[in-house]
Amino acid sequence: PPISKYRLPYVPLANKKKKKFGHREIHVWKIIKPELTFFTYNKWFSIIEAIEMDKDTLCILTVKNMVNEVATKDKNVEWYLHMRLESLLKDIQEVLSNVKNLEIVAASLYFVVNSLPLGADQLAAAKISHSQAQEWVKLENSENAKSGITKVVTKYVLITTKHILHMYGFGKPNYLQLALQPNELIRELYNDPIILKRHTGEIKLFPDINGAVDAIVEVHGKGDLALKVDLLKEWLQPSSLGSMGSPDKSLMSTTNSFCVAQENLTISEGVLR
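Residues numbered from 1 in each chain as written. Predicted model: local features only at pLDDT ≥ 70, side-chain atom pairs only at ≥ 80, totals over all residues. Heavy atoms only, no water.

For the chain, the name recorded in an unreviewed UniProt entry is Kinetochore-associated protein 1, with Schizaphis graminum as its organism.

Peer 1: What is the right way to read the confidence of the model for the chain from this model?
Peer 2: Do not read the predicted coordinates in detail wherever pLDDT is low. Mean pLDDT over the chain works out to 78, with 67% of the residues at or above the 70 mark. Throughout residues 240-267 the model reports pLDDT below 50, and contacts reaching past four residues in sequence, or to other chains, amount to 27 contacts. (pLDDT = per-residue confidence, 0-100. Contact = heavy atoms within 4.5 Å.)

Peer 1: Hey, could you run me through helix α6 (residues 143-167) in this one?
Peer 2: Since the α-helix packs 3.6 residues into each turn, any two residues three or four apart lie on the same face. Over its 25 residues, α6 extends 36 Å from the first C-alpha to the last, a length consistent with the 36 Å expected when each residue adds 1.5 Å. Ala145, Gly148, Ile149, Val152, Val157, Ile159, Thr160, Thr161, His163, Ile164, Leu165 and His166 are the residues of α6 that are buried. Its buried side turned inward, α6 meets α4 (102-115), α5 (120-140), α7 (173-176), α8 (182-190) and α10 (209-220). With its phi angle positive at about 85°, Gly169 sits one or two positions after the end of α6. (Helix = DSSP H or I, 4+ residues; strand = E, 2+ residues; numbered from the N terminus. Expected span 1.5 Å × (residues − 1). Buried < 20%, exposed > 50% of the residue type's maximum accessible area, 1.4 Å probe, protein only.)

Peer 1: Help me understand the environment of Asn68, please; the structure alone is not making it clear to me.
Peer 2: By secondary structure assignment, the location of Asn68 is in helix α2 (residues 55-71). Here the alpha-carbon distance between Asn68 and Leu116, two residues 48 residues apart in the chain, equals 8.5 Å.

Peer 1: Got a minute to help me understand the packing of aromatic side chains in this structure?
Peer 2: For any pair of aromatic rings, the description rests on two quantities: the centre-to-centre distance and the angle between the ring planes. What the rule picks out here adds up to 4 aromatic pairs. Summarising the aromatic geometry, the rings of Tyr41 and Phe45 are spaced 5.7 Å apart at their centres and angled 85° between planes, so their arrangement reads as edge-to-face. Among the aromatic residues, ring-to-ring pairing joins Phe38, Phe39, Tyr41 and Phe45 into one connected group. It is Arg84 that lies over the ring of Tyr80; its NZ or CZ is 3.7 Å from the centre. (Phe/Tyr/Trp six-rings, centres within 6.5 Å; stacked < 30°, edge-to-face > 60°. Lys NZ or Arg CZ within 6 Å of the ring centre and 35° of its normal.)

Peer 1: Explanation requested: the nonpolar core in the structure shown.
Peer 2: In summary, soluble globular proteins display a tendency toward joint burial of nonpolar side chains. Grouped together as the largest cluster of nonpolar side chains are 36 residues, with contacts concentrated most on Met53, Ile92, Leu96, Val112 and Leu116. Mapped onto this core, the elements with two or more residues apiece are α1 (28-32), α2, α3 (86-96), α4 and α5. A per-element tally of this core places α2 first, with 8 residues. Apart from the residues within four sequence positions on either side, Leu96 is in contact with Ile60, Val63, Val105, Ser108 and Leu109. Counting 18 residues, the second-largest nonpolar core is a separate cluster that includes Leu165, Ile195, Val213 and Val217. (Core = buried A, V, L, I, M, F, W, Y, C linked by side-chain atoms within 4.5 Å.)

Peer 1: In this structure, what is going on with the packing of α4 against α6? I would like to understand it.
Peer 2: Angle between the axes and distance between the axes are the two parameters that describe a pair of packed helices. Two elements in contact, α4 and α6, have axes whose closest approach is 11 Å; the angle formed by their N-to-C orientations is 20°. Classified by the interaxial angle, the pair formed by α4 and α6 is roughly parallel. For the element pair α4 and α6, the recorded crossing hand is left-handed. Every residue of α6 that contacts α4 at Glu103, Tyr110, Val113 and Asn114 is listed here: Asn144, Lys151, Val152, Lys155 and Ile159. Residue composition of the contact of α4 with α6, by class: 4 nonpolar, 2 polar and 3 charged. (Axes fitted to C-alpha atoms, helices over the stretch in contact; angles between N-to-C directions. Parallel < 35°, antiparallel > 145°, perpendicular 65-115°, else oblique. Left-handed = near helix turned anticlockwise from the far one by under 90°. Nonpolar A, V, L, I, M, F, W, Y, C, P; charged D, E, K, R; others polar.)

Peer 1: Just checking my understanding: could you explain the packing of α8 against α10 for this structure?
Peer 2: Two elements in contact, α8 and α10, have axes separated by 10 Å at closest approach and are oriented at 175°. If you check the angle between α8 and α10, you find them roughly antiparallel. Counting all contacts with α8, which are made through Pro182, Leu185, Ile186, Leu189 and Tyr190, the residues of α10 involved are Ile209, Asn210, Val213, Ile216, Val217 and His220.

Peer 1: Please clarify how the side chain of Asp121 should be interpreted in this entry.
Peer 2: When you line up the elements, Asp121 lands in helix α5. Summary of buried charges: Asp121 has no salt-bridge partner, and the nearest side chain of opposite charge, Arg84, is 4.2 Å away. From its side chain, Asp121 meets the backbone nitrogen of Arg84 in a polar contact 3.1 Å long. If we skip the residues at most four places from it in the chain, Asp121 touches His82, Met83, Arg84, Leu85, Glu86, Leu89 and Leu116. (Lys, Arg positive; Asp, Glu negative; His and termini not counted. Salt bridge = Lys/Arg side-chain N within 4 Å of Asp/Glu carboxyl O. Polar contact = N/O pair within 3.5 Å; in protein donor to acceptor, adjacent residues only side chain to side chain.)

Shown next as structure tokens:
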């Protein structure tokens with residue numbers, strides 16, 4: 001609050017012997033936490049030993065305050081396609097650069113990813129979290145680090161895939177719920193009803209399904225050639241070619257001395273896809 005710039009600390013935070021104020025036990029971090037911002041957190045470093053706090057904890061509390069300022073906003077927006085909090089992410093990285101414990105850094109960044117508004121900012125945070133977790137595993141290579149990076153990678157793949165779906169116009173619940181199941185997701189995308197509507201002229205703008213699939217394959221690191229071959233086999237079965245017989249003679253008509261042959265040919269959905 002603004003008054004914090006002028007008020008005096010009446011609570012004996014620096015008194016190592018006295019841990020109570022009246023009948024109440026003093027929790028230093030609870031008192032300091034509301035004061036921590038990106039502009040003030042490093043000012044506490046000079047007295048951090050006197051108040052018996054460590055730098056890692058102080059920085060983590062600062063990051064939580066920074067994130068909470070934006071986490072409660074924009075709840076009605078489904079997904080932002082473009083970044084709006086780039087400076088915030090840079091500031092968070094600067095604060096966390098003071099933290100020595102890499103596990104704490106990883107946990108803090110994971111909190112950031114889960115707390116930011118959905119969309120491009122969350123994706124950017126996931127990339128930062130993913131990169132930091134890789135550094136953690138390289139330096140520590142413990143079971144705890146391996147378990148941690150598994151969670152981080154899963155979250156990164158999930159958010160990236162959802163962002164791709166939204167970017168290409170497929171941000172629908174039935175697709176989003178398959179974000180961690182690439183084969184099923186790709187199959188559903190290629191079976192989207194919009195493909196058939198394109199041939200009937202019902203829509204003017206057609207989303208780039210191939211582009212979306214290529215991006216999804218790149219994220220998941222799995223080749224889609226075999227799946228595409230399987231889909232083609234399904235779509236191009238002999239029965240999929242429809243009725244390709246000779247024209248019905250009853251459909252022959254004469255108009256203005258011209259004989260017009262009308263062929264009632266049916267092209268199946270599989271061939272159109």
